[in-house]
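Observations on the model geometry
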Amino acid sequence: MKVRDILRVKGGTLYTVSPGETLARAVETMAQFDIGSLAVMEHGELVGMLTFREVIAAIARNGGTVGTTTVRSIMEDHPMTCTPETELDDVRPMMLERHTRYMPVMDNRMLMGVISFYDVAKAVVESQSFENKMLKAYIRDWPEDDAPAAESASQTSGQPG
């Protein structure tokens, strides 16, 4: 399974913020849409990611308030990215290694979407569930001819059946 499969199911909605925006406005957007990250865009290009991790750290540093903090001052300015063609088996260890919950998906310099660790986990569970159903159906429809062939082979060899 590839990242593009997650994006196809997830849809094309992108939530973005500019680096000069106030943290207060970014937090309002995150709360309004119940999202944990915003892609930070400037002049049509991805320049960073703002996640609840950076927000919480900034609030802690500011004594419990967002103050006049801007997105630029706290955003992750070198986010790890992947492409739509990246295999999920490659994405999972990348996200675990860097403790990343949100990953922008780039096609050259164009932001195609953002996948979350939840999206990746959900895709893996759904894939495994489908595989389980297929295996159970295969076992349930196992050909009956194999059992007599195995019995006659053991009887021919002189082994007790």
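Our subject is the structure that appears above.
Residues numbered from 1 in each chain as written. Predicted model: local features only at pLDDT ≥ 70, side-chain atom pairs only at ≥ 80, totals over all residues. Heavy atoms only, no water.

1. Side note on the sheet that holds strand β2 (residues 37-42)
The strand order across the open sheet formed by three strands is β1-β2-β3, and the pairing between neighbours is mixed. If you trace the sheet from one side to the other, it starts and ends with β1 (16-17) and β3 (45-51), each paired once. Taken together, the two bridges between β1 and β2 define a ladder with parallel strand orientation. Residue pairing in the sheet places Val 17 in a bridge with Val 40 of β2. (Pairing = 2+ DSSP bridges. Helix = DSSP H or I, 4+ residues; strand = E, 2+ residues; numbered from the N terminus.)

2. Describing the layout of surface pockets
Its boundaries defined by the atoms lining it, the largest pocket holds a volume of some 360 Å³. Along the walls of the largest pocket sit 20 residues, with Lys 10, Thr 13, Tyr 15, Ile 35 and Val 114 positioned nearest its centre. Of all elements in the fold, only α1 (3-10), β2 and β5 (110-116) reach the threshold of two or more residues within the lining of the largest pocket. For the lining of the largest pocket, the class distribution of residues is ten nonpolar, seven polar and three charged. Put simply, the second largest pocket is a space of about 220 Å³. (1 Å grid on protein atoms, 1.4 Å probe; cavity = no way out; pocket = protein on both sides within 12 Å on 5 of 7 lines; lining within 4 Å. Points joined across faces, edges and corners; volume = space filled by probe spheres on them. Nonpolar A, V, L, I, M, F, W, Y, C, P; charged D, E, K, R; others polar.)

3. Some remarks on the packing of aromatic side chains
For the coordinates displayed, the defined rule picks out two aromatic pairs. With a centroid separation of 4.7 Å and 40 degrees between ring planes, the pair formed by Tyr 15 and Phe 33 is classed as tilted. Highlighted residues: Tyr 15 in the loop between α1 and β1 and Phe 33 in helix α2 (residues 23-33), separated in sequence by 18 residues. A relative accessible area of 29% places Tyr 15 in the partly exposed class. (Phe/Tyr/Trp six-rings, centres within 6.5 Å; stacked < 30°, edge-to-face > 60°. Buried < 20%, exposed > 50% of the residue type's maximum accessible area, 1.4 Å probe, protein only.)

4. Let's talk about a nonpolar patch on the surface
A cluster of nonpolar side chains, contributed by Tyr 138, Ile 139 and Trp 142, occupies part of the molecular surface with about 370 Å² of accessible area. Mapped onto the elements, Tyr 138 comes out in helix α6 (residues 117-140). (Patch = residues over 30% accessible without salt bridge, like charges linked within 9 Å, V, L, I, M, F, W, Y side chains within 5 Å. Areas by Shrake-Rupley, 256 points an atom, 1.4 Å probe, with all protein chains shown as cover. Salt bridge = Lys/Arg side-chain N within 4 Å of Asp/Glu carboxyl O.)

5. A short note on the pattern of salt bridges
On inspection of all chains with the given rule, the structure shows ten salt bridges. Between Lys 2 and Glu 87 there is a salt bridge whose closest N-O contact spans 3.7 Å. Taken as a pair, Lys 2 in the segment before α1 and Glu 87 in the loop between α4 (71-74) and α5 (88-97) lie far apart in primary sequence, 85 residues in all. A residue is classified by how much of its surface remains accessible, and Lys 2, at 21% relative accessible area, is partly exposed. A salt bridge links Arg 25 to Glu 28, with the shortest nitrogen-to-oxygen separation between them at 3.1 Å. On the criterion of helical spacing, the pair formed by Arg 25 and Glu 28 is a turn pair, its members being three residues apart in helix α2. Owing to a relative accessible area of 37%, Arg 25 belongs among the partly exposed residues under this scheme. Accessibility expressed as a relative area gives 46% for Glu 28, which makes it partly exposed. When salt bridges with common partners are traced through the structure, they connect Lys 2, Arg 4, Asp 5, Arg 8, Glu 85 and Glu 87 into a single cluster.

6. Focus: unusual backbone geometry
In the Ramachandran plot, Asp 34 falls in the positive-phi region, its phi being about 55 degrees despite a non-glycine side chain. With respect to the element layout, Asp 34 can be found in the loop between α2 and β2. Located in the positive-phi region is His 99, a residue other than glycine, with phi close to 55 degrees. Looking at the element boundaries, His 99 is found in the loop between α5 and β4 (102-107).

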